Amino acid sequence: MGLPVVLVHGLRTSRTMWRAQVEALERAGRTAHAVDLPGHGARVGEPFTFDGAVATVRQAVDDVGGRALVVGLSLGGYVAIAHAARHPEQVAGLVAASCSTRPLRPLVEGWSLAARGIVLLPDHGERLNAFMVRRFLPAPGAVDVGAGGFALLVTEDVLRQVATAAPLDDLATIEAPVWLVNGRYDHFRGDERAFLRACRHGRLVVVPGATHLVSLVAPERFTRVVLEALDEVDGTDASRVAAAAVSPDVGVRRAAS
């Protein structure tokens, strides 16, 4: 049946943003499990912590058999990178989309200031969010991203937590292959070359015409990247498992090298 896939959503959205990918993966015979992070979707009442988000991905991979291709976008990409660094035994491959910018404190503080201003609006930014969704997403993507509701009050907490992430340091420790996927017009691709250099086994995919929410703006192209990644990691992961069965300490030696 091949490796399963765990999908991790972006800030303020939920697992429903992955509908197109989940349906395509299931048609291809794959198990696809999209999660809600703390403070989002069905968990909107929970406080968001970065450790709690990583734990959510860890539990999701356990739920699908203990090893998977992990796909994350934006906030989900930062979480997925940290998860792969902390739990390498669970990750056969990593697709980190729309998260190729270092969360430097001055930048995050600027985002936080904007978020505080939006939350002070009478509707906490609901109409502004709805306008942005209609303006920048195709109709099916707008429906998918809205189906799980929007976590309008979680932004500042998320940004405070993301400021503690160290994606370049984490990428440097990841043995699994990594695909960095960015839309051509994504404002979060400013450090993509540094991110690529940090990867031990990295690839960079830039999707023409796409913006930040690349999986919603260009769902077919994004899904093709995920399927191609699966084809590659299926073979390499089978070889790794076979080698470990012959010599159980092989994985330990590689991780320590």
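I will try to describe carefully the structure that is included in this document. Just so you know, these numbers come straight off a predicted model, no measurement behind them. (Residues numbered from 1 in each chain as written. Predicted model: local features only at pLDDT ≥ 70, side-chain atom pairs only at ≥ 80, totals over all residues. Heavy atoms only, no water.)

### Some thoughts on the state of the cysteines
Part 1: Evaluation of the coordinates by the stated rule reveals 0 disulfides.
Part 2: Here C99 stays unpaired: no disulfide links it, and the sulfur of C199, its closest cysteine neighbor, is 9.7 Å away.
Part 3: Taking the relative accessible area as the measure of exposure, C99 reaches 0% and is therefore buried.
Part 4: Classification of C199 as buried rests on a relative accessible area of 10%. (Disulfide = S-S within 2.5 Å. Buried < 20%, exposed > 50% of the residue type's maximum accessible area, 1.4 Å probe, protein only.)

### A word on the pairing of strand β1 (residues 5-8)
Part 1: Burial along β1 is two-sided: the residues V5 and L7 and V6 and V8 are all buried.
Part 2: Note that β1 and strand β2 (residues 32-35) share 4 bridges and pair parallel. Paired with V5 across the two strands is A32, which belongs to β2.
Part 3: What joins β1 to β2 is helix α1 (residues 19-27), and the crossover it makes is right-handed.
Part 4: Direction of pairing for β1 relative to strand β3 (residues 68-73): parallel, over a ladder of 4 bridges. If you follow V6 over to β3, its bridge partner there is V70. (Helix = DSSP H or I, 4+ residues; strand = E, 2+ residues; numbered from the N terminus. Pairing = 2+ DSSP bridges. Right-handed = clockwise from strand over helix to strand, strands pointing away.)

### Brief notes about the pairing of strand β5 (residues 178-183)
The side chains of a regular strand alternate between the sheet's two faces.
Part 1: Of all 6 residues that make up β5, 6 are buried, and the element is covered over most of its length.
Part 2: The alternating pattern of β5 places V178, L180 and N182 and W179, V181 and G183 on opposite faces, both of which are buried.
Part 3: Of the pairings in the sheet, the one linking strand β4 (residues 91-97) to β5 comprises 4 bridges and is parallel in character. Following the sheet pairing, V95 is matched in β5 by W179.
Part 4: The pairing of β5 with strand β6 (residues 202-207) spans 6 bridges and is classified as parallel. Note on β6: the bridge partner recorded for G183 is V207.
Part 5: With helix α9 (residues 192-198) bridging β5 and its parallel neighbour β6, the resulting β-α-β unit is right-handed.

### What about the packing of aromatic side chains?
Part 1: Using the criterion set out here, one finds 1 aromatic pair in the structure.
Part 2: Between W18 and F222 the ring centres are 6.0 Å apart and the planes differ by 35°, which places this aromatic pair in the tilted class. One end of the pair, W18, is in the loop between β1 and α1; the other, F222, is in helix α11 (residues 219-246), and 204 residues separate them in sequence.
Part 3: Residue class for F222 comes out buried when judged on its relative accessible area of 0%.
Part 4: Sitting over the face of the ring of F136, R135 holds its NZ or CZ atom 5.1 Å from the ring centroid.
Part 5: The ring of W179 is capped by R203, whose NZ or CZ atom sits 4.6 Å from the centre of that ring. (Phe/Tyr/Trp six-rings, centres within 6.5 Å; stacked < 30°, edge-to-face > 60°. Lys NZ or Arg CZ within 6 Å of the ring centre and 35° of its normal.)

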